[in-house]
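Take a look at the letters that make up each chain.
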Amino acid sequence: MISVLVVEDDPVAGEAHATYVARVSGFAVAGRVRTGQGALRFVERTPVDLVLLDLRLPDMDGLQVARALRTAGSDADVIAVTSARDLKVVRAAVSSGVVQYLLKPFTFAAMRDKLEHYARFRASFEHDRDASGQGEIDRAFAALREIDRSSLPKGMSEETLAAVVAALRAEPEGAAAGAVGTTAGVSRVTARRYLEYLVDTGVAERRPQYGGPGRPEMAYRWSGEE
């Protein structure tokens, strides 16, 4: 289980965030605090894997909390939870070690996606060994990337996208559009359109697949996890 500390000064929001975390498989809420100092004291006595951190706290800036955690030697990762849309703040968050940025207000589905991406990212580093190469490292970081389902191109649906993603993930070595379409229950043309969208958003990769006469067919592979 991935242990999570929820840091949120609003008690209603904090309870909602903790409830959301508890609903995601593989995650457990280790505690809830309402201040930056409270977060630092909690992590000092109870190490956690992940801090769900509001950036606007009553006693200190959330990014100060993130930096203080590193200074104190904590290896907890941080997902920033904030209504701040200033890109300078986003950049500062990255510089402070924040691995994900969740913009308020958000739905359970949005948090679930962030947590699931984080879980895949974390799983990439479970074993103490050297990476096999640049590709493995790229795939680990690709696990943090998001598919923006709120702005799908015209004519695309979330249901079909989910089916194509599931079909592609089931083929760790990659598959052609026809095979993905068969598994997802859509035509080859439709599957290719969705697969190209996944490539464009950075969570899938495309490469030529040789084996028959004529032009090589394109094969697609999910790059968000191994």
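Residues numbered from 1 in each chain as written. Predicted model: local features only at pLDDT ≥ 70, side-chain atom pairs only at ≥ 80, totals over all residues. Heavy atoms only, no water.

Draft legend 1. Looking closely at the environment of V98. With respect to the helices and strands, V98 occurs in strand β5 (residues 98-103). Spatially, the C-alpha atoms of V98 and I79 are 5.8 Å apart, while their sequence positions differ by 19 residues. If near-sequence neighbours (up to four positions away) are discounted, V98 is found in contact with L63, V78, I79, A80 and A93. (Helix = DSSP H or I, 4+ residues; strand = E, 2+ residues; numbered from the N terminus. Contact = heavy atoms within 4.5 Å.)

Draft legend 2. Fine view of the sheet that holds strand β8 (residues 217-222). Read across the open sheet, the three strands follow the order β6-β8-β7; overall the sheet is antiparallel. Two strands bound the open sheet, and with one partner strand each, they are β6 (175-176) and β7 (204-209). Across the sheet, helix α7 (residues 158-169) touches β7 and β8, and the angle it forms with β8 is around 90°. (Pairing = 2+ DSSP bridges. Axes fitted to C-alpha atoms, helices over the stretch in contact; angles between N-to-C directions.)

Draft legend 3. Inspection of the nonpolar core at higher detail. One finds L5, V7, V48, V51, L53, V65 and V78 to be the most contacted residues of the largest nonpolar core, which totals 23 residues. Elements supplying a minimum of two residues to this core: β1 (2-7), α2 (36-45), β3 (50-54), α3 (62-71), β4 (77-82) and β5. At four residues, α3 tops the list of elements feeding residues into this core. A175, A177, A184 and L195 belong to the second largest nonpolar core, which has 19 residues in total. (Core = buried A, V, L, I, M, F, W, Y, C linked by side-chain atoms within 4.5 Å. Buried < 20%, exposed > 50% of the residue type's maximum accessible area, 1.4 Å probe, protein only.)

Draft legend 4. Just the sheet that holds β3, in detail. Strand order in the open sheet made by the five strands is β2-β1-β3-β4-β5, with parallel pairing throughout. Pairing within the sheet leaves two strands with one partner each, and these edge strands are β2 (27-33) and β5. Pairwise comparison of adjacent strand axes, ignoring direction, gives a mean angle of 20° for this sheet. As paired elements, β3 and β4 share five bridges and run parallel to each other. Paired with D54 across the bridge in β4 is V81. With respect to the sheet, helix α5 (residues 108-123) is in contact with β1, β2, β3, β4 and β5, its orientation differing from that of β5 by roughly 170°.

Draft legend 5. Expanded view of the packing of aromatic side chains. Summed over all chains, the structure comprises two aromatic pairs. Seen in terms of ring centroids, Y20 and F108 are 5.5 Å apart; in terms of plane orientation they differ by 55°. Their pairing is tilted. Here Y20 is found in helix α1 (residues 11-23), whereas its partner F108 is found in helix α5, with 88 residues between them in sequence. You can call F108 buried: its relative accessible area is 14%. (Phe/Tyr/Trp six-rings, centres within 6.5 Å; stacked < 30°, edge-to-face > 60°.)

Draft legend 6. Up close: the pattern of salt bridges. A complete count under the given rule lists six salt bridges for this structure. E205 is paired through a salt bridge with R221; the nearest N and O atoms lie 3.8 Å apart. Highlighted residues: E205 in strand β7 and R221 in strand β8, separated in sequence by 16 residues. Relative accessible area serves as the criterion here: at 31%, E205 is assigned to the partly exposed category. Three or more residues joined by partner-sharing salt bridges are found here, namely E8, D54 and K104. (Salt bridge = Lys/Arg side-chain N within 4 Å of Asp/Glu carboxyl O.)

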